[in-house]
Amino acid sequence: MTCRMVLRAPRPRFLRSICCFGSWARQLQRQSSGSVYSSIHGFSQEEIKEKLQAFPGGSIDLLKQDSGIAVLTINNPPRMNAFSGAMMVDLEEKVTQLENWTDGKGVIVQGAAQTFCSGSDLNAVRAMSNSQDGMKMCMFMQNTLTRLLRLPLISVALVEGNALGGGAELTTACDFRLMASGSVIQFVHKHMGLVPGWGGAARLVTLVGSRNALKLLGGAVKVDSDLGVHIGLADGVLKVDLDAARAETGLQQAESWLSQYTKGPAPVIKAVKKVVLSGRELSLSDALRTEKDIFGTVWGGPANLQALASKSKHK
Ligand SMILES: CCC(=O)SCCNC(=O)CCNC(=O)[C@H](O)C(C)(C)COP(=O)(O)OP(=O)(O)OC[C@H]1O[C@@H](n2cnc3c(N)ncnc32)[C@H](O)[C@@H]1OP(=O)(O)O
């Protein structure tokens with residue numbers, strides 16, 4: 001009886017807003033750090049991890065630097081940095097470490113030995129060609145790459161050499177792509193009788209629009225740095241300096257490019273990424289409420305108070 005009366009009574013305004021807050025905060029939490037698939041989708045992360053570990057080779061190396069910029073290296077040069085099963089598991093673990101990196105501001109994803117990544121290891125693909133395992137691998141990689149894109153860090157894919165198949169999909173799980181001249185991003189899936197399954201098609205549409213995405217996937221087009229910049233897939237082209245003594249490596253160039261956007265304290269840079277992420281992923285109303293909430297984490301914070309005290313001018 002009491003319960004019914006409570007349910008019928010109009011909720012005070014502040015309670016209504018707390019309830020709304022709860023629902024959109026949960027939505028953001030699900031969308032900003034959570035995975036796409038969980039047990040409610042019949043997905044067991046541990047089960048597929050065990051299967052993937054049966055395909056060894058290569059590694060994913062993470063270097064966290066004092067600058068707040070980490071370098072994540074796809075490392076399997078004998079197979080042009082193709083993803084073995086163990087590397088897929090390794091990537092998920094490194095993404096977890098990045099999610100928990102309090103002082104982090106940015107991350108560069110690169111391939112070892114001057115090439116990016118040739119997709120999934122075809123030996124593992126052949127051995128896992130039953131459709132159930134293929135689906136589970138696809139869900140696992142969608143989860144990991146979605147979490148990579150949703151990191152509270154500004155991310156850049158440094159593309160040297162080839163980014164093929166799943167490697168092309170990986171580039172779209174970063175906020176930005178920088179391409180070396182001579183490098184290629186190619187969604188070769190059609191030639192393999194496939195479509196992207198690691199979330200690459202959905203992200204590609206967001207990046208270049210559905211018409212360009214249809215051309216790139218339907219034609220398995222080789223996207224070089226010029227085309228990449230033209231259609232908005234690439235955000236910059238790395239310089240080639242023929243004077244080897246003066247030349248900066250691709251990684252050095254990517255670090256200095258990224259550092260334009262990561263200057264300042266980590267909580268502020270993380271907040272910048274989070275407001276953009278909510279604008280990208282949530283409905284306008286939810287994004288606005290989330291923005292207010294994130295604003296509240298920096299308003300009156302150390303960086304804000306210091307800027308106010310120094311009466312900074314923005315000339
Ligand atoms: C998610 C869906 C997917 O990702 S499906 C996979 C899509 N990727 C591919 O089909 C890439 C196939 N590979 C290629 O086109 C060429 O190997 C590329 C990357 C262009 C490099 O050519 P090239 O410079 O001539 O080197 P290569 O062919 O001799 O390769 C060197 C060794 O690397 C290997 N490799 C290459 N890619 C993979 C791969 N995805 N899986 C497993 N192994 C791969 C090659 O087999 C070759 O090995 P080996 O020296 O012959 O033992």
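Residues numbered from 1 in each chain as written. Predicted model: local features only at pLDDT ≥ 70, side-chain atom pairs only at ≥ 80, totals over all residues. Heavy atoms only, no water.

The name given to the protein chain in an unreviewed UniProt entry is Ethylmalonyl-CoA decarboxylase, with the source organism recorded as Oryzias latipes. What the UniProt record of the protein chain gives under Sequence similarities (unreviewed entry) is the line "Belongs to the enoyl-CoA hydratase/isomerase family." The protein chain has a UniProt comment under Subcellular location (unreviewed entry) that states "Cytoplasm, Cytosol". (UniProt positions renumbered as here; feature names shortened; annotations may be inferred.)

Participant: Can you lay out the overall build of the protein chain for me, pointing to particular residues and giving the numbers?
Facilitator: Each helix and strand in the protein chain was counted, giving 13 helices and nine strands. Considering the protein chain as a whole, with its 315 residues, one finds that 45% of them fall into the buried category. Accessible area for the protein chain stands at about 16,900 Å²; split by element, carbon and sulfur atoms hold 58% of it. (Helix = DSSP H or I, 4+ residues; strand = E, 2+ residues; numbered from the N terminus. Buried < 20%, exposed > 50% of the residue type's maximum accessible area, 1.4 Å probe, protein only. Areas by Shrake-Rupley, 256 points an atom, 1.4 Å probe, with all protein chains shown as cover.)

Participant: With reference to specific residues and values, describe the site of the ligand.
Facilitator: Around the ligand, 18 residues are found, and the nearest of them are Pro78, Ser118, Ser120, Leu122 and Gly166. Separating a nitrogen atom of the ligand from a backbone N or O atom of Ser118 is a distance of 2.8 Å. Ser120 has a polar backbone atom sitting 2.9 Å from an oxygen atom of the ligand. When the ligand sits alone it has 930 Å² of accessible area, and the protein chains cover 55% of it. At the level of elements, helix H5 (122-127), strand E5 (162-164) and helix H7 (166-171) are the ones that each hand at least two residues to the shell around the ligand. (Near = heavy atom within 4 Å. Polar contact = N/O pair within 3.5 Å; in protein donor to acceptor, adjacent residues only side chain to side chain.)

Participant: Go over the pairing of strand E2 (residues 69-75) with me, naming the residues and quoting the values.
Facilitator: Across the seven residues of E2, six count as buried, placing the element largely inside the fold. Both strand E1 (residues 59-64) and E2 contribute to a ladder of six bridges, which runs antiparallel. By the bridge assignment, Ile60 is partnered in E2 with Ile74. Strand direction decides the pairing type here: E2 and strand E3 (residues 106-111), joined by six bridges, are parallel. Within E3, the residue paired with Thr73 across the bridge is Gln110. (Pairing = 2+ DSSP bridges.)

Participant: Now, about the domain arrangement of the protein chain: what can you tell me, with residues and values included?
Facilitator: Its domain assignment divides the protein chain into domain 1 (42-239 + 247-261) and domain 2 (264-309). Computed from C-alpha atoms alone, the centre-to-centre distance between domain 1 and domain 2 is 27 Å. Residue-level contacts link 13 residues of domain 1 with ten residues of domain 2. The junction of domain 1 with domain 2 conceals about 970 Å² of combined surface from both sides, 54% of it contributed by carbon and sulfur atoms. In terms of surface lost to domain 2, no three residues of domain 1 exceed Lys105, Arg150 and Pro152, which account for 51% of the buried area on that side. (Domains from an automatic or database assignment. Contact = heavy atoms within 4.5 Å. Buried area = accessible area lost by both parts, 1.4 Å probe.)

Participant: How would you sum up the sheet that holds strand E9 (residues 236-238)? Please name residues and give values.
Facilitator: If you trace the six strands from one edge of the open sheet to the other, you get E1-E2-E3-E4-E6-E9, paired in mixed fashion. Whereas interior strands pair on both sides, the edge strands pair on one side only; in this sheet they are E1 and E9. Direction aside, the axes of adjacent strands within the sheet are offset by 20 degrees on average. Bridge analysis of E3 against strand E4 (residues 154-159) gives four bridges, and the strand direction is parallel. Counterpart to Val107 in the pairing with E4 is Ser155. The sheet contacts of helix H4 (residues 85-99) involve E1, E2 and E3, and relative to E1 the element is tilted by about 20 degrees. (Axes fitted to C-alpha atoms, helices over the stretch in contact; angles between N-to-C directions.)

Participant: Could you give me a rundown of the nonpolar core, with the residues and numbers involved?
Facilitator: Counting residues in each nonpolar core, the largest one holds 50 residues, and the members touching the most others are Phe83 and Ile185. For Phe83, the contacting residues outside a window of four places in its chain are Ile60, Ile74, Met88, Leu91, Cys117, Gly119, Ser120, Asp121, Met141, Leu170 and Trp198. Among the nonpolar cores identified, the runner-up in size contains twelve residues, and Ile69, Leu158, Ala180 and Ala254 belong to it. (Core = buried A, V, L, I, M, F, W, Y, C linked by side-chain atoms within 4.5 Å.)

Participant: Tell me about H4, residues and numbers included.
Facilitator: In this model, H4 (15 residues) spans 22 Å end to end at C-alpha, consistent with the 21 Å of a helix rising 1.5 Å per residue. The buried count for H4 comes to eleven of 15 residues, which makes it a mostly enclosed element. The set of residues buried in H4 consists of Gly85, Ala86, Met87, Met88, Val89, Asp90, Leu91, Glu92, Lys94, Val95 and Leu98. Residues of H4 that are buried in the fold lie against helix H3 (45-52), E1, E2, E3 and helix H6 (131-149). (Expected span 1.5 Å × (residues − 1).)

Participant: If you had to explain the sheet that holds strand E8 (residues 222-223) to someone new, which residues and values would you point to?
Facilitator: Two orientations exist for strands paired in a sheet by backbone hydrogen bonds: parallel and antiparallel. With mixed pairing, three strands are arranged side by side in an open sheet as E5-E7-E8. Of all the strands in the sheet, just E5 and E8 have a single pairing partner and so form its edges. Pairing of E5 with strand E7 (residues 184-186), which is carried by three bridges, proceeds in the parallel orientation. Counterpart to Asn162 in the pairing with E7 is Val184.

Participant: Tell me about the packing of aromatic side chains, and name the residues and values.
Facilitator: The relative placement of two aromatic rings is captured by the distance of their centres and the angle of their planes. Tallying each qualifying case throughout the model produces six aromatic pairs. Seen in terms of ring centroids, Phe176 and Trp257 are 5.0 Å apart; in terms of plane orientation they differ by 75 degrees. Their pairing is edge-to-face. Taken together, the residues span a long stretch of sequence, with Phe176 in strand E6 (residues 176-180) and Trp257 in helix H10 (residues 250-262) at a distance of 81 residues. Aromatic pair Trp257 and Tyr261: ring centres 5.2 Å apart, planes at 65 degrees, arrangement edge-to-face. Taken together, the residues span about one helical turn, with Trp257 and Tyr261 both in helix H10 at a distance of four residues. Trp257 gets classed as buried once you look at its relative accessible area, which sits at 18%. On the basis of relative accessibility, which here comes to 37%, the residue Tyr261 falls in the partly exposed class. Three or more aromatic residues joined by ring pairs make a cluster, and in this case those are Phe176, Trp257 and Tyr261. (Phe/Tyr/Trp six-rings, centres within 6.5 Å; stacked < 30°, edge-to-face > 60°.)

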